Amino acid sequence: MSQDTVVFSARKIVTMNPSRPEATHVAVREGRIVAVGSLEEVGSHAGRIDDRFKDKVLLPGFVEGHSHIMEGIVWSMPYVGAFDRRAPSGAIVPGANGIDAIIARLQAADAELTDPETPLFAWGFDPLHIGGNKLSRHDLDKVSKTRPVLVMHASFHITNVNSMMVECAGFSRNTNVSGVPLGQDGEPTGELQGIAALFRTFRVLKSNPFKQDFSAADLARYQASACNQGVTTVTDLHSDLSEETIELYRAAARQPDFSIRLVPALASASHTPEEAIAKMARLRPTGNDKLHYGIVKIIVDGSIQGFTARLRWPGYHNGAPNGLWYIAPDDLRVAVEKYHRAGLHLQIHTNGDEATEQALDAIEAAQIAAPRPDHRHTLQHCQMADTAQFKRMKSLGVCVNLFSNHLYYWGDAHYEQTMGPERAHRLDATGTAQRLGIPYGIHTDAPITPLNPLFTAWCAVNRISSGGRELGKATEAITVQQALAAITIGSAYTLKLDHLVGSIETGKYADFAVLEDDPFEVAPEKLKDITVWGTVVGGRVREAPHA
Amino acid sequence: MTGTPREGIPVTVVGGFLGAGKTTFLNHLLRTGGTRYAVLVNDFGAVNIDADLIAHHDGTTMTLTNGCVCCSVGSGFIDMLGKILDDRIPFDHIVIEASGVGDPWRIAEIALVEPGLRLNAVVVLADATRIATLLADPRVGDTVRSQFERADLVLLNKIDLLDRAGARAAQAQKLDMALVFEDHFAPNFSRHPIFRQRLYLVGREPIKGCQDTVSLEQLVKLPLVLPPIPKHRRAVIDRAFAAAGLSPNIVAEADAALSELSAARSGVGYSIFHAGTFKNVYPGAFAEPLLIEPPMFITCSLVYSSDFPLTYAGEAVKKVLIQFVEDQIRQNSRPGAELIA
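On a predicted model such as this, the values are computed, not experimentally measured, just so you know. (Residues numbered from 1 in each chain as written. Chains lettered and ligands numbered in written order. Predicted model: local features only at pLDDT ≥ 70, side-chain atom pairs only at ≥ 80, totals over all residues. Heavy atoms only, no water.)

This part is about the overall build of chain B. Secondary structure summary: chain B contains 10 helices and 18 strands in total. The buried share of chain B, reckoned over its 341 residues, is 53%. The long-range fraction of contacts in chain B, counting pairs at least 24 apart against all pairs at least 6 apart in sequence, stands at 77%. For chain B, the exposed area adds up to about 14700 Å²; of that, 53% sits on carbon and sulfur atoms. (Helix = DSSP H or I, 4+ residues; strand = E, 2+ residues; numbered from the N terminus. Buried < 20%, exposed > 50% of the residue type's maximum accessible area, 1.4 Å probe, protein only. Contact = heavy atoms within 4.5 Å. Areas by Shrake-Rupley, 256 points an atom, 1.4 Å probe, with all protein chains shown as cover.)

Attention now goes to the interface of chain A and chain B. Opposite the 35 residues of chain A that make contact, chain B presents 29 residues. In total, about 2500 Å² of surface goes out of reach between chain A and chain B, with carbon and sulfur atoms giving 58% of it. When the area that chain A buries against chain B is broken down by residue, the three leading residues are A:Ile195, A:Phe199 and A:Arg203, summing to 25%. Linking B:Glu114 and A:Arg203 is a salt bridge whose minimum nitrogen-to-oxygen distance equals 3.1 Å. (Buried area = accessible area lost by both parts, 1.4 Å probe. Salt bridge = Lys/Arg side-chain N within 4 Å of Asp/Glu carboxyl O.)

Here we come to the packing of helix H17 (residues 453–462) of chain A against helix H19 (residues 480–494) of chain A. Relative orientation and spacing of two packed helices are given, respectively, by the angle between their axes and the distance between those axes. All names here are of chain A. It is the contact of H17 with H19, at a shortest axis distance of 9 Å, that shows an interaxial angle of 140°. Regarding the angle of H17 to H19, the classification is oblique. At the point where H17 passes H19, the crossing takes the right-handed sense. Residues Pro453, Leu454, Ala457 and Val461 of H17 pack against Val480, Ala483, Leu484 and Ile487 of H19. Split by residue class, the contact of H17 with H19 holds eight nonpolar, no polar and no charged. (Axes fitted to C-alpha atoms, helices over the stretch in contact; angles between N-to-C directions. Parallel < 35°, antiparallel > 145°, perpendicular 65-115°, else oblique. Left-handed = near helix turned anticlockwise from the far one by under 90°. Nonpolar A, V, L, I, M, F, W, Y, C, P; charged D, E, K, R; others polar.)

With omega at 5°, the peptide bond leading from A:Trp313 into A:Pro314 counts as cis. Structurally, A:Pro314 is set in the loop between strand E15 (295–299) and helix H10 (329–341). In this structure, the amide linkage connecting B:Glu293 to the following residue, B:Pro294, adopts the cis form with an omega of -5°. With a phi close to 45°, A:Asp428 is a non-glycine residue in the positive phi region. Locating A:Asp428 in the fold gives a position in the loop between helix H15 (420–425) and helix H16 (430–436). A relative accessible area of 0% places A:Asp428 in the buried class. Unlike most non-glycine residues, A:Lys496 shows phi in positive territory, near 60°. Within the secondary structure, A:Lys496 is located in the loop between H19 and strand E20 (512–515).

What follows deals with the sheet that holds strand E14 (residues 249–253) of chain B. Residue and element names in this part refer to chain B. Read across the open sheet, the six strands follow the order E12-E16-E11-E15-E13-E14; overall the sheet is mixed. Here the strands that pair on one side only, and so sit at the sheet edges, are strand E12 (213–215) and E14. Each neighbouring strand pair of the sheet contributes to a mean axis angle of 40°, computed without reference to strand direction. Relative to E14, strand E13 (residues 223–226) runs parallel, the two being bridged by four bridges. What sits directly across from Leu224, in E14, is Ile250. (Pairing = 2+ DSSP bridges.)

This is the structure:
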């Protein structure tokens, strides 16, 4: 018995520990779980009883295995996406579901800026979500003629700007580069993409919003977003890990009120394997209970809806040319083997099935060259894998983190344009992973889609697009139990943190998602509507602001 | 291709798939001196710049003994290029090495939209021993092909390697096929000539009295920098002089083509080349090249072992490569090049 022990009582505790699936009380000491069970069972540990959750349901804190610190950064700018989205402040920002709504939102943001020349950035736009309507420079001229206005797409690969920005950058009817398309009037449409257009734009603005220099305020917003959605372990899955970033993370993770366990992944693209291996050897011992180093991220291809993912034959459904390699297949093999031999844990981004195939080939070669049990290399997104590829994952000991949110946000585009009906039905094949016993998680890739694991679980259970089309529901949908496992213990396993988080179990960190309703009692199609009260991280309670 | 002439620092983008020889090319460029280069490598990792050129190295940026800088920037590429422009260091030339899977033209477009820059050229390198295989590789063929689409200059590297070791490699079945400039082959080679290319005289100073061509009689009066005897180009040159009963004045022999050019550029002598223009590599360094009269040709052929019949895949690769080379010749309308039907 200890005076420092707190026993949380709850309406129900869903533990995700298969040998003790349910409980009503959990005893916490020094940030960790000392006992789980009924009041009687945890009685011997009883210290102070805390019954503030007596009408709530506790789950293990959600584990987001693929998201980015950018989620904290973007909320310093107005959101103009088509779907409702919860801001770190807790407010529900309604979707702007048409050009007029976007303009109105931007006009309001413009009115709040005092200096008439400060650039106005916004984010989250996707023409696919508003019936294919494009945002022209003339639309954005209605927002301002005195300041540059820049609207970044949900993918962050395309930006729409106003005439002021077009003119400042010097783009005109004589501009002849691929990333500055001209309209029917022969003038730039205001849509910008690619390195040349971006370079010129950032140079004129004297700022680069994609540069990974962020502040403690951005990190605070990231923690707030996590708390709002019940997330207690969260990744920053592609970071250069500059000295500034390392120091920011180090300092923040030592604060007692730091309300996430942060798992940054070093971007292989900014280092040679040798540099990355040396850097990780240096960083690993600098982590603590809230900061976990050890993962290296490799990006193999682009995105499916941007037609930059690498697809196997017969390629894109609409005949678009095949996508881009971000690393050549032979280089991938070399890098994977080096990281594998160095004992590092790889998270490999593959969207298209050709990229998945190359990643599997690389891991197989590394396993033959240097067999390593329990490496847990994880394929990230892996949206188009077929059963044969899943079977290879199984035999190679590879985990997978599937992007179930795509079913909702881009399922219709995949069905109609990118991969056609058959392949769209097995998009993000959680059912196959489940049947074959492959360890898997599901993710949001926030801020690409909202940081909201319950929504992701809903997507994996219901497999329905935003247009109302069911995709492989009979074959690839998983149960609520399986989906909740995927956003807790499943994702924890893919991060090699399942011995610390992902279930409510003696010895693990006292990390809980506090819900207003029992996910097993609500209808499966209502899973996304459950209100998150807040989180407990290491026994420390954080209430989310209520919308 | 670059539109109206613009002011600004000239930018050359160097592309090519992995192993095409981009780093070797950069080392040659940096070694030639006289030009103050800023070299940006748009890829992760260390650039293998020859150690004797490096004066200072701080992890990402190398300062070279001749005032050039070289840095590998990966994701910070945009910021680094901006910094170079902001610092107003008077670089004569910016060279950007595209990543092995990148499209060099996309990077070249920066120089079309940034007023402080002007596009000099897109140079794409290819490894002659591997280009056939790469173009036919279903995984990377489209990536490799797209790199050539907007190239001003395509340089085939490692041809020397083939001249010397091709037969052995083919016999060992390590090499399925290759593109070579060669007329004489061991009997166990099959060859498919694709085009022939006239040789040019390349040098720093124009030759008095010569407009477009130069005769062998005029040539023997000039100091020449030529490849050494085992090289095929040398054999062609020697045969032409012998047939005319003349003997050339050879002042130096240089093993690598870029060394020959460096020597010619420094004014040591003139060189005889199958590529007509090097203004993309060494802007303003050479006088207009002169076609040699009577013509000297070297023939570019696809070669493969006659001992082992080409597989079905091999035949497909052969077709792809021939089409590719023919397209390149047509698009670049290279003077002195003739397709062999």
